[in-house]
Amino acid sequence: MTAPRRPTLPAVGLALLLAVAAAAQSLPLPNVPGSLKFAVIGDNGTGDSPQYDVGQQMTAAHKRFPFDLVIMLGDNMYGGQSPADFVKKFEQPYAELLTAGVMFRASLGNHDRPQNVSYELFNMNGQRYYSYVRNNVRFVVIDSTQVDPAQLQWLDTILRDAGEDWTVCYFHHPLYSNAARHGSSVNLRVLLEPLFIKHGVDVVFSGHDHVYERIKPQKGIYYFVSGAAGQLRRGNTRPTDETAAYFDQDQTFMLVEVAGDHMNFAAISRAGKAVDSGIIRRERQ
Amino acid sequence: MRTVPRLSRFAAEYLLLLPFGAAIALVWANTFPESYFRFSYAAALAVNDIAMVFFFALMTKEVVEATAPGGVLHPWRRAWLPVLASVGVTFVPAWLHTLLVGPLDEPMLAQGWPVTFAVDVALSYFVARLIFGARHPAVPFVIVMAIASDALGLLTLAAINPSRPLHPFGGIVFLVVAMALAAWFHRSGSGTSGRTWPDRARSPGSPCTGAARTRR
């Protein structure tokens, strides 16, 4: 009779590593068939290795969480914006997603050339601001770099006429942010927030600050800053009472799932770890 | 008891309301930005479209006086000098702007190059008076140069980035009427009546009269 073998130290280490890796790879989302699943990236277009790493994590996530839409929060391209740059800073990092038929729908940031509205894979159809519907969600894409009376009038009309269960707005400059570099775009907030409140917008995604931050609901609206899918300002967040959660130690992107009256979200780091997650219940009828 | 009127006269003479207002706005915008922007958007019509009319009336008075016979910008040859100078005033910042948006990686701002044509007339007026004194010839020179730069900027914006449909016919009619009025004033001034066109400009009912009174 032999005594039971005690696990060796390397074996324990390996098991722990696998457990941590497995935990890191599990997505805190219900992953319900038929739900709307989408990813969120902002300030991504650097063409550097962190952007490629995030692209790989998105591809890995897509295999388990088959989203077919990626919303882009602006600064989709930094620096040069030649055809070769579009390959290096967009088509290559997300090559597998594009091949899988995932649709990217962009908003413009201050680093994007206005002409990029015509880049086919951004699906903006030549418009600075536009709207579309997926499942029970109305997406409203705003050009926050140039908010003119014509756009505000359009926004008022499109939000008023939105009959879907959810209204999600996304654009580059955050109405609420506690990052030190830029912070809240208060001048924009004064213009946009009254319309959001008036027409019952549910969730707003923005970038511009290169961190992840979830803001506590402001006047009934949920705000996310997700501007670190390529760029990163490590340690730049100065959390306040408005901050519900934040992460500024690594690049991040978001995964979102909308099913009925529930919206689940998760912020995923470049290492594939969920650094924040939660659920939003639709309150307006 | 006479301190307050004396102070207000001093403030009016040195245009102290401008830096005082700018300081208040700066502090306000950085301490309570939401209320500041709410106020500034709400006051945009009153300030940009109404109050500025009175301000430009004051500027017009300066220009009219400077281009009148005996004025520092009379005859027209002299008046053209600041207008031509405004080409340099606009060209150099626009050139710098287009040069810098690339290295600063702000391509979205590239289309805003005509904005660099804008010269703050009020601030220019204030600074020129501060440096040279209220009666110095440089003051109307600076004003004409600033107004001409702004006019170039407006024309450029209208031509390349109109926010609304253009109405060139209406604009041309307005310009022709304005030029005809100016020519009429000018001819009246060169007649034997002794009334120069600036005199007519100052006559009751003239748009310049109100502005002149506000200054006195």
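Fair warning: this is a prediction, and the values are worked out from it, not measured in the lab.

The next thing to look at is the overall build of chain A. Helices and strands together make up the secondary structure of chain A, namely six helices and 13 strands. What you see for chain A is a C-alpha radius of gyration of 20 Å, in line with the 19 Å of a compact globule of 285 residues. Per-residue burial over chain A gives 55% buried out of 285 residues. Taking all contacts inside chain A whose residues are at least 6 apart in sequence as the whole, residues at least 24 apart take part in 67%.

Judged by nonpolar contacts, the single largest core of 57 residues is most densely connected at A:F38, A:M58, A:I71, A:F139, A:F205 and A:L255. When sequence neighbours within four positions are dropped, the list of residues in contact with A:F205 reads A:F38, A:V40, A:I71, A:L73, A:V168, A:C169, A:Y170, A:F171, A:F224, A:M254 and A:V256.

Scanning the model with the defined rule gives 16 salt bridges over all chains in all. Residue A:D276 pairs with A:R214 through a salt bridge whose shortest N-O separation is 2.8 Å. Residue A:D276 is located in strand β13 (residues 274-281), and its partner A:R214 is located in strand β8 (residues 212-218); the two are separated by 62 residues in the primary sequence. A relative accessible area of 10% places A:D276 in the buried class. As a salt-bridge pair, B:E65 and B:K61 come within 2.8 Å of each other at their nearest N and O atoms. Placement of the pair is B:E65 and B:K61 together in helix α4 (residues 44-67), with a separation of four residues, close to one helical turn. By relative accessible area, B:E65 is classed as partly exposed at 29%. Assessed through its relative accessible area of 9%, B:K61 is described here as buried.

Moving on to unusual backbone geometry. Cis rather than trans, the peptide bond between B:H74 and B:P75 has omega equal to 5°. Counting through the fold element by element, B:P75 comes out in the loop between α4 and α5 (76-100). Positive phi is not limited to glycine here, since A:N125 has a value of about 50°. Look at A:N125 and you get exposed, because its relative accessible area is 63%.

A word on the interface of chain B and chain A. Opposite the 11 residues of chain B that make contact, chain A presents 19 residues. It is B:E34, B:D105 and B:M108 in chain B that bury the most area against chain A; as a group they hold 46% of the surface buried on that side. Our count for the chain B to chain A interface comes out at one salt bridge. B:E34 serves as the salt-bridge partner of A:R189, at 2.6 Å between the closest nitrogen and oxygen. The tally of links from chain B across to chain A stands at seven residue pairs in polar contact (both at pLDDT 80 or more). Among the residues forming the side of chain B that touches chain A, the class breakdown is six nonpolar, one polar and four charged.

Attention shifts here to the packing of helix α6 (residues 186-198) of chain A against helix α3 (residues 33-42) of chain B. The N-to-C vectors of α6(A) and α3(B) enclose an angle of 60°; their axes lie 8 Å apart at closest approach. If you check the angle between α6(A) and α3(B), you find them oblique. Crossing angle aside, the handedness with which α6(A) passes α3(B) is right-handed. Where α6(A) abuts α3(B), its residues A:V186, A:N187, A:R189, A:V190, A:L191 and A:E193 lie against B:P33, B:E34, B:F37, B:R38 and B:Y41. Here the contact of α6(A) with α3(B) is built from residues that sort into six nonpolar, one polar and four charged.

Each value, and the rule that gives it
Residues numbered from 1 in each chain as written. Chains lettered and ligands numbered in written order. Predicted model: local features only at pLDDT ≥ 70, side-chain atom pairs only at ≥ 80, totals over all residues. Heavy atoms only, no water. Helix = DSSP H or I, 4+ residues; strand = E, 2+ residues; numbered from the N terminus. Rg over C-alpha atoms; globule rule 2.2 N^0.38 Å. Buried < 20%, exposed > 50% of the residue type's maximum accessible area, 1.4 Å probe, protein only. Contact = heavy atoms within 4.5 Å. Core = buried A, V, L, I, M, F, W, Y, C linked by side-chain atoms within 4.5 Å. Salt bridge = Lys/Arg side-chain N within 4 Å of Asp/Glu carboxyl O. Buried area = accessible area lost by both parts, 1.4 Å probe. Polar contact = N/O pair within 3.5 Å; in protein donor to acceptor, adjacent residues only side chain to side chain. Nonpolar A, V, L, I, M, F, W, Y, C, P; charged D, E, K, R; others polar. Axes fitted to C-alpha atoms, helices over the stretch in contact; angles between N-to-C directions. Parallel < 35°, antiparallel > 145°, perpendicular 65-115°, else oblique. Left-handed = near helix turned anticlockwise from the far one by under 90°.

Purely geometric numbers; function is a separate question.
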